[in-house]
Amino acid sequence: MRLSACLAAVLAAAALSGCNAPRQTGPVIDPTGPQRPAPASQPPLPEGAGCSAAIARYRSVMENDLSMGHVNQSVYGQIQGEISEAASACAAGQDAKATSLVRASKARHGYPGG
């Protein structure tokens, strides 16, 4: 019985000594993440109504996305062809068709307002 009491005392002392051990400190992690440079200010979108304004806004968004690397050159070329088709319809006075072509292109390529 005396042996078990001594063993219990040794185990208790060992367990308690872990409480007083110095803490291991890990790397400090910034919760906000690394500082990133401020994005270049995006040019304002063209204003106005009608098909010509919608085309100008879409064209502006695409120019910005290409310059930022959000779209590759082949997709940009495809979209520019679609914008040109819409611009031709708009110039011919077919506002509804031009607006529809812009919406279809946006939807096809995952842009809002499609």
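Quick caveat: nothing in here was measured; it's all calculated off a predicted structure.

A. Representation of the pattern of salt bridges within the structure. Enumeration according to the criterion identifies 1 salt bridge in this entry. Between Arg 108 and Glu 82 there is a salt bridge, with the nearest N and O atoms lying 3.2 Å from each other. In this pair, Arg 108 sits in helix H4 (residues 95-109) while Glu 82 sits in helix H3 (residues 73-91), placing the two residues 26 residues apart along the sequence.

B. Quick peek at the environment of Tyr 58. Here Tyr 58 is to be found in helix H2 (residues 50-68). You can call Tyr 58 buried: its relative accessible area is 2%. Distance in space between the C-alpha atoms of Tyr 58 and Ile 83 is 8.0 Å, their sequence separation being 25 residues. For Tyr 58, the residues in contact, after removing those within four places along its chain, are Ile 79, Ile 83, Val 102, Ser 105, Lys 106, His 109 and Tyr 111.

C. Representation of the state of the cysteines. Applying the stated criterion to the full structure yields 1 disulfide. Paired through a disulfide, Cys 51 and Cys 90 show a sulfur-sulfur distance of 2.0 Å. Residues Cys 51 and Cys 90 are joined by a disulfide whose S-S torsion is about 75°; by sign, that bridge is right-handed. Taken together, the residues span a long stretch of sequence, with Cys 51 in helix H2 and Cys 90 in helix H3 at a distance of 39 residues. On the basis of relative accessibility, which here comes to 5%, the residue Cys 51 falls in the buried class.

Parameters and conventions
- Residues numbered from 1 in each chain as written.
- Predicted model: local features only at pLDDT ≥ 70, side-chain atom pairs only at ≥ 80, totals over all residues.
- Heavy atoms only, no water.
- Salt bridge = Lys/Arg side-chain N within 4 Å of Asp/Glu carboxyl O.
- Helix = DSSP H or I, 4+ residues; strand = E, 2+ residues; numbered from the N terminus.
- Buried < 20%, exposed > 50% of the residue type's maximum accessible area, 1.4 Å probe, protein only.
- Contact = heavy atoms within 4.5 Å.
- Disulfide = S-S within 2.5 Å.

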